[in-house]
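Residue-level listing of the chains:
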Amino acid sequence: MILDGLDINHMLNCNQKIIILGHNYPDVDSIVSGYLLERCLVKEGYDAKFYILDKEINKETSEILNKYNFDVSYYQNNYIEDKNNVYFLVDHNETTVNGNIVGIIDHHPTNKKIEVECYFNKPISSTALYICKENENLLSTLKELQNDNRNLSFKLKVTTIIAAVMSFLTGIFIGLE
């Protein structure tokens, strides 16, 4: 996986499960970013899973995700904290999980010193956009989802919501040929 022109594969261990976490009280960017990073890492061969730790999602976020039949509950279940897990944070840089944080992708300005080898932060409108712009394989991953006949309706809706979020946040439309 490429971020900021840096291949981060050598920084990650394929033998460990990578838990992806967005921020508390997640918004659409936090959720879509977690989903996108999960897809990217899985495509690269990692055992990666995005989880939403909050049991309740705010009304605005729920309405947007529900409009596209994005099942948030799928990401809210089965998380078991384990000190042996490694974590990748999206759309924030703070957490209280008990484990090794191996990476952070964020777009929020900070003056804090972040001591994580895979730390990426850019002044851009959303973390989801940052992941899309930096990862050349992401659009092909989304195209593969579109071409997969298993649960095609859901996958097309996920692709649609990603494009809609990107369009809304940036004022541009990302064409998925």
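Above this note sits the structure.
All of the points below concern the structure found in this document. (Residues numbered from 1 in each chain as written. Predicted model: local features only at pLDDT ≥ 70, side-chain atom pairs only at ≥ 80, totals over all residues. Heavy atoms only, no water.)

**Some thoughts on the sheet that holds strand β7 (residues 118-121)**
Then, in step 1: Strand order in the open sheet formed by 5 strands is β4-β3-β5-β6-β7, and the pairing between neighbours is parallel. Of all the strands in the sheet, just β4 (47-51) and β7 have a single pairing partner and so form its edges. Taken over all neighbouring pairs, the strand axes of this sheet differ in orientation by 20 degrees on average, direction set aside.
Then, in step 2: Contacts between helix α1 (residues 28-43) and the sheet are confined to β3 (17-21), β4, β5 (86-90) and β6 (100-106), with β4 contributing the most and set at about 170 degrees to the helix.
Then, in step 3: Sheet strands touched by helix α4 (residues 127-134): β5, β6 and β7. Its angle to β6, the strand with the most contacts, is close to 95 degrees. (Pairing = 2+ DSSP bridges. Helix = DSSP H or I, 4+ residues; strand = E, 2+ residues; numbered from the N terminus. Axes fitted to C-alpha atoms, helices over the stretch in contact; angles between N-to-C directions. Contact = heavy atoms within 4.5 Å.)

**Quick look at the pattern of salt bridges**
Then, in step 1: Counting across every chain of the model gives 3 salt bridges.
Then, in step 2: Here Lys59 makes a salt bridge to Glu63, at a shortest N to O gap of 3.9 Å. Taken together, the positions of Lys59 and Glu63, both in helix α2 (residues 59-67) and 4 residues apart, correspond to about one turn of that helix.
Then, in step 3: Of the residues examined, Glu63 reaches a relative accessible area of 47% and is grouped as partly exposed.
Then, in step 4: The residue Lys113 makes a salt bridge to Glu115 at a minimum N-O spacing of 3.9 Å. As far as the burial class goes, Lys113 and Glu115 line up, both exposed. (Salt bridge = Lys/Arg side-chain N within 4 Å of Asp/Glu carboxyl O. Buried < 20%, exposed > 50% of the residue type's maximum accessible area, 1.4 Å probe, protein only.)

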